[in-house]
Protein chains: 4
Amino acid sequence: MNIRASVVGAAGFAGIELVRLLLRHPDFELASVTSDALAGTPVSQAYPAFAGQTDLVFSACDDAAFDGCDVAFLAVPHTASLGMAPGLLARGVSVIDLSADFRLKDPAVYERWYKTPHTASRLLPEAAFGLPELARGELERAAAARAEGKAALVACAGCYPTATSLAAAPALASGLVDEAGIVVVDAVSGVTGAGKKATERTHFCFADGNLEAYGVGTHRHTPEIEQILRIPGRVVFTPHLAPLGRGLLSTVTLPLAPGAPLPRVEDLAERYAAFYAGDAFVQVLPAGTLPRTASVVGTNRAHVGVGVAEGARAIVAVGAIDNLGKGAAGQAVQCANVVFGLPETRGLEAVAMPV
Amino acid sequence: MNIRASVVGAAGFAGIELVRLLLRHPDFELASVTSDALAGTPVSQAYPAFAGQTDLVFSACDDAAFDGCDVAFLAVPHTASLGMAPGLLARGVSVIDLSADFRLKDPAVYERWYKTPHTASRLLPEAAFGLPELARGELERAAAARAEGKAALVACAGCYPTATSLAAAPALASGLVDEAGIVVVDAVSGVTGAGKKATERTHFCFADGNLEAYGVGTHRHTPEIEQILRIPGRVVFTPHLAPLGRGLLSTVTLPLAPGAPLPRVEDLAERYAAFYAGDAFVQVLPAGTLPRTASVVGTNRAHVGVGVAEGARAIVAVGAIDNLGKGAAGQAVQCANVVFGLPETRGLEAVAMPV
Amino acid sequence: MNIRASVVGAAGFAGIELVRLLLRHPDFELASVTSDALAGTPVSQAYPAFAGQTDLVFSACDDAAFDGCDVAFLAVPHTASLGMAPGLLARGVSVIDLSADFRLKDPAVYERWYKTPHTASRLLPEAAFGLPELARGELERAAAARAEGKAALVACAGCYPTATSLAAAPALASGLVDEAGIVVVDAVSGVTGAGKKATERTHFCFADGNLEAYGVGTHRHTPEIEQILRIPGRVVFTPHLAPLGRGLLSTVTLPLAPGAPLPRVEDLAERYAAFYAGDAFVQVLPAGTLPRTASVVGTNRAHVGVGVAEGARAIVAVGAIDNLGKGAAGQAVQCANVVFGLPETRGLEAVAMPV
Amino acid sequence: MNIRASVVGAAGFAGIELVRLLLRHPDFELASVTSDALAGTPVSQAYPAFAGQTDLVFSACDDAAFDGCDVAFLAVPHTASLGMAPGLLARGVSVIDLSADFRLKDPAVYERWYKTPHTASRLLPEAAFGLPELARGELERAAAARAEGKAALVACAGCYPTATSLAAAPALASGLVDEAGIVVVDAVSGVTGAGKKATERTHFCFADGNLEAYGVGTHRHTPEIEQILRIPGRVVFTPHLAPLGRGLLSTVTLPLAPGAPLPRVEDLAERYAAFYAGDAFVQVLPAGTLPRTASVVGTNRAHVGVGVAEGARAIVAVGAIDNLGKGAAGQAVQCANVVFGLPETRGLEAVAMPV
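Residues numbered from 1 in each chain as written. Chains lettered and ligands numbered in written order. Predicted model: local features only at pLDDT ≥ 70, side-chain atom pairs only at ≥ 80, totals over all residues. Heavy atoms only, no water.

Along helix α1 (residues 13-23) of chain A, 10 of the 11 residues are buried, which leaves the element largely enclosed by surrounding structure. Those residues of α1 of chain A lying buried are F13, A14, G15, I16, E17, L18, V19, R20, L21 and L22 of chain A. Those residues of α1 of chain A that are buried lie in contact with β1 (3-8), β2 (28-34), α2 (43-46), β3 (71-74) and α10 (325-339) of chain A together with α7 (204-207) of chain D. (Buried < 20%, exposed > 50% of the residue type's maximum accessible area, 1.4 Å probe, protein only. Helix = DSSP H or I, 4+ residues; strand = E, 2+ residues; numbered from the N terminus. Contact = heavy atoms within 4.5 Å.)

Attention now moves to the sheet that holds strand β12 (residues 302-309) of chain A. Adjacent strands of a sheet pair through backbone hydrogen bonds, lying either parallel or antiparallel. Residue and element names in this part refer to chain A. Pairing is mixed across the open sheet formed by seven strands, whose spatial order is β8-β9-β7-β10-β13-β12-β11. Only two strands of the sheet have a single neighbouring strand rather than two, namely β8 (212-213) and β11 (282-284). Direction of pairing for β8 relative to strand β9 (residues 235-241): antiparallel, over a ladder of two bridges. Counterpart to A213 in the pairing with β9 is H240. Relative to β12, helix α9 (residues 265-275) is tilted by about 150°, and along the sheet it contacts β11, β12 and β13 (314-321). (Pairing = 2+ DSSP bridges. Axes fitted to C-alpha atoms, helices over the stretch in contact; angles between N-to-C directions.)

Moving on, we get to the interface of chain D and chain A. Of the residues lining the interface, 21 residues belong to chain D; the matching set on chain A comes to 21 residues. For the chain D face of the interface with chain A, the top three residues by lost area are H203, F204 and C205 of chain D, together amounting to 40%. Our enumeration of links across chain D and chain A arrives at two salt bridges. One salt bridge connects E200 of chain D with K196 of chain A, and the closest N-O pair in it is separated by 3.9 Å. If you look at where chain D meets chain A, you find six residue pairs in polar contact (both at pLDDT 80 or more). Element by element, the count of residues in the side of chain D that touches chain A is highest for α7 of chain D, at four residues. For the side of chain D that touches chain A, the per-class residue count stands at 11 nonpolar, six polar and four charged. (Buried area = accessible area lost by both parts, 1.4 Å probe. Salt bridge = Lys/Arg side-chain N within 4 Å of Asp/Glu carboxyl O. Polar contact = N/O pair within 3.5 Å; in protein donor to acceptor, adjacent residues only side chain to side chain. Nonpolar A, V, L, I, M, F, W, Y, C, P; charged D, E, K, R; others polar.)

This part covers the pattern of salt bridges. Per the counting criterion, the structure on display carries 72 salt bridges over all chains. Ionic pairing is found between K326 of chain C and E133 of chain C, a salt bridge with its closest N-O pair at 2.8 Å. Pair noted here: K326 of chain C is in helix α10 (residues 325-339) and E133 of chain C is in helix α5 (residues 132-147), with a separation of 193 residues, a long-range link. Note on accessibility: K326 of chain C and E133 of chain C belong to one class, buried. Several salt bridges converge on common partners, so that one network encompasses E17, R20, R246 and D322 of chain A.

Opposite the 43 residues of chain A that make contact, chain B presents 43 residues. Between chain A and chain B the total buried area reaches about 3400 Å² when both faces are included, carbon and sulfur atoms providing 69% of it. The interface formed by chain A and chain B contains two salt bridges. Between E212 of chain A and R292 of chain B there is a salt bridge, with its nearest N and O atoms 3.6 Å apart. Every element with two or more residues in the side of chain A that touches chain B is listed here: β7 (183-189), α7 (204-207), β8, β9, β10 (248-255), β12 and β13 of chain A.

Shown next as structure tokens:
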């Protein structure tokens, strides 16, 4: 196929990773890569990894950027997609949105957490949630509609929600977890998660050799996790920053239901493997093995491992992803693959550097 | 004063940090630094940071190493202290033990978690727990006895238990926390926590750029945390490894009691500050600020910050220490200061490098 | 094509990178991956990046490992290839050797620097030097011979010599450099260059946050650089270690000949670009831009940049590669591509992660 | 003593390290710490390492900041000191200048390299160069004048010149080095050397995992190195950036004079040790050992090691310092100690963390 794609916000970290993936994707063709700040600058000048690999130049994000486009990947801050998506869809351009704007089904929840009105809430019912392993049906419905001519809108899951939900979903589905209990999510991200903007927080000299928690009780991925896992009001989510570029690890502690038998780790790992049996990108590790972020960096893969805390009776599930891969650009391409009727793994076959 | 000290296991990471601290301590004098593996090697050859700073040579750990010693710091693996402490105490040498051997009050708990018999359990009643902020009384009793001629035995708290307990104790003391709930501890350590032994796990190329969880449900610091906080069977502790040398961050999630009012973060921070009002090494950060490990590396300080998760009703408390400082060598010196009647902060005044 | 390949020493860092590249190479098929230490262990257990990606199991390096093989990649320490290559060639298996055993044309030089007899010197005349950009002729001759049935022997260039020679060769070819002067090479490598063995030197806690020089005047890559550049006795080579996993930067200072005009940087960069006009993997950066190792990590690319020091009259040329890519596994695949008549870039199209 | 000091530019990296050193210095008292950007902000808010350690608040840099001050440390960009020093000296405030403004003895050289007029060149003759080991006489003269009431002006050496000159000086003094040859300096700095400003270059995600050269042939430390070593027009200096916070390593290659005998490394190391026999902060490592930056981070120490390249006949000397310690704040305090008649090591006794 020859699907013409635009990447909006292509100079940001998720955007430029999309550029990397789409440049090598056999079915997509990059029609434009936009960046308001870097319009006119060659991609290979801003990111020398592309030296000699592409002549693409960042352009302004105007109407011309979408001429003849089949799909736009929006790697933009929240509220920007609210403004752009309606017009693109009306032009027949499918939208793969990496922002948070269409993730939350209830606009009131969006408005409470993002503290801004949801100006495109009429699109929410048709927005497919972009986390194929846990919501493939929504994407397939969008693909079917697109095949009949209706541009698709995909709201790709956030990075923390992806790793967390992939780790927690099979446990919650098992019936072993206390339905009255809280689910504690402590997750750690690399610094790319903080974005390209040069700030004191992303300065090498403050980030290196440092661990910190942030956004206790206030991070906007909390309602997204609760929505995916269908456990409203039960998630305590604390994000952390660690000194690495790419990679995200989410550790989820789920208390066992009062009467539930204590599971053997081997059985739990088996349940998990069965849960993800049809999913090419989720690898459940054998009992006794826990995921390492380095083993998935640069890929669209998620590694998931489980353990059991006997004394306090809880399941501990751990998910590792590349926050820019399965947590952003990779997942967006995976969703686009589904929407355009391609094999889910197309263009996403990379294996992480083993060392 | 002129207190003669021996550091046993001085070539390990906690041991060599003890050497660094004691070399500059105005009241201690290093009588011997032992290392079975490096006996005969100058300290400055094994650790060039000491080039030109000391002529000390690692020696074997034999009787002569303790001649004229007032105190021995045991920076050794567990079970080694079981063998050494009785003889040293009998010789009148006070023991500051950094191993786990005398931390757990109940030898049965020790035997269950460490899977080895406790061969010196008769010493347990007199072992003072070495976490001054939460058990200063025990240390003061040991100091009083020492002043009357009885050698002291101090079991210094582990690194994870120190950061975790300092973060959790004021919340638990507040009466706000659900006494039936589980307490979730997700903690992250730098690689020095894995010790000096060169293994695949500590290899730069596997540790750098990587996050991982380990020891889910099985880490031996679990019963120690439960003992300090007096919440047996209620702790789910998951340790993690992150790519930095020194530094440890513990994030503790404590569910609020069903009827408890939701605390304001400011009030909670104030309670915390009051709790540690008399403690020179614990700094409670203002509401809205969370600790960074880099701000305590190289010191004996702990930074503690708190947050509140409204929806799921929980307190989140975060503690940051240097695992080799307040988590090991610094704390050992702090305990020795108490035992020998010195100001608690003597020799521990260092401020972290600001950047 | 369907070329059956064996990787010998596949559990080491260069070996496992070869496995990663060959698994995705459209024309090679992995017949065996050997490791004496890990025989019987699944590749995905030793390197979890491969979880779910391959069922390969490390095997012993015995005759069976090469059954039906067309080519063996030897990622082994020096002297091991001396033992293996003759037998493999005799069996008709082409050898792509990543060790140093067949790099130096003169066995006496080998014996002087490696302090061991060269036991297979009769093969030296037929060994093609594996640095296509600077010795493509040798590889093409080997390819022609192989096409007529004679197994090929390729001695892939070392990591430091590759980066250094690619940076220096165009300057030396320009006639501007003082033929009596010394050429100073200061190069910095990531820790993967020190190999997989867990040692104090590769321990995260000693390597992180540290820069050091090593092997002053004694590194075995010195004669290799001198041979490639044809400047015997004129190279001062000082390697350094820096805290990163993959990546190697070589800075080469070449004094201008007494009468030579001071070149403009722009002209020099143009000369360089012309020199490498036909080479897909060498990217000469525009004047004013210097290479970053991060822009080539994970790839077979080399970035080269130049500058001019006016006062002291010297050219400074800088080359960046991934020591495991263009410095080892990538280059080996590139050489194999040539030897087997494939396009040089086959299987090596990856672009570095931009961030 | 009780010397009242002001740190100007105290919120920058060198400035805040000065604050850390002076807070613990027994003879200096911090009268003011100025920062235009952070005036009114508590030091401990900007740099949480100081939480609980000081109540100092950054103030504007106005006349009041220097009331009653004996000395001002100027940690400011070049040209700023040109403006401030004359007034301070006129008020009787000694100036320890960390900028480049008074380092170059010849204002024409300053104007050529810094591309700005030297507006205070009348002060140049009295400015003492701040690199005690190589110019102690200048400092002692300033100290003598100060003792008689004349405020001192010290131009502290830059970071690269300090490490480089300490490594090169004994070789140049030995008579072994070719006086017609060029001296090649390849030096690598941690990211603190790039300053506190958050830029793309200092962004963790661009700096981590990356090595790069910069400023080939144009770095302003070139004439400073040539001045200190008295080898005008003979230095080729190429600085590099590596992924660590603090630490600087300079590798200096000096060709042997045509007739000079090839020195034994042991003899050379001995010469070096003799050269620095009276210097507390310079440690010459034994032959065969080369410096590691990690062994001096956080201190005012320099480690120096040497090697010999036989084939090409050159001495290779390597110097390691903490760029914020001996390369900036530590050296400034050392110079102030001399100027105020204190022991040179006062307040600078720290030993680096061994790991």
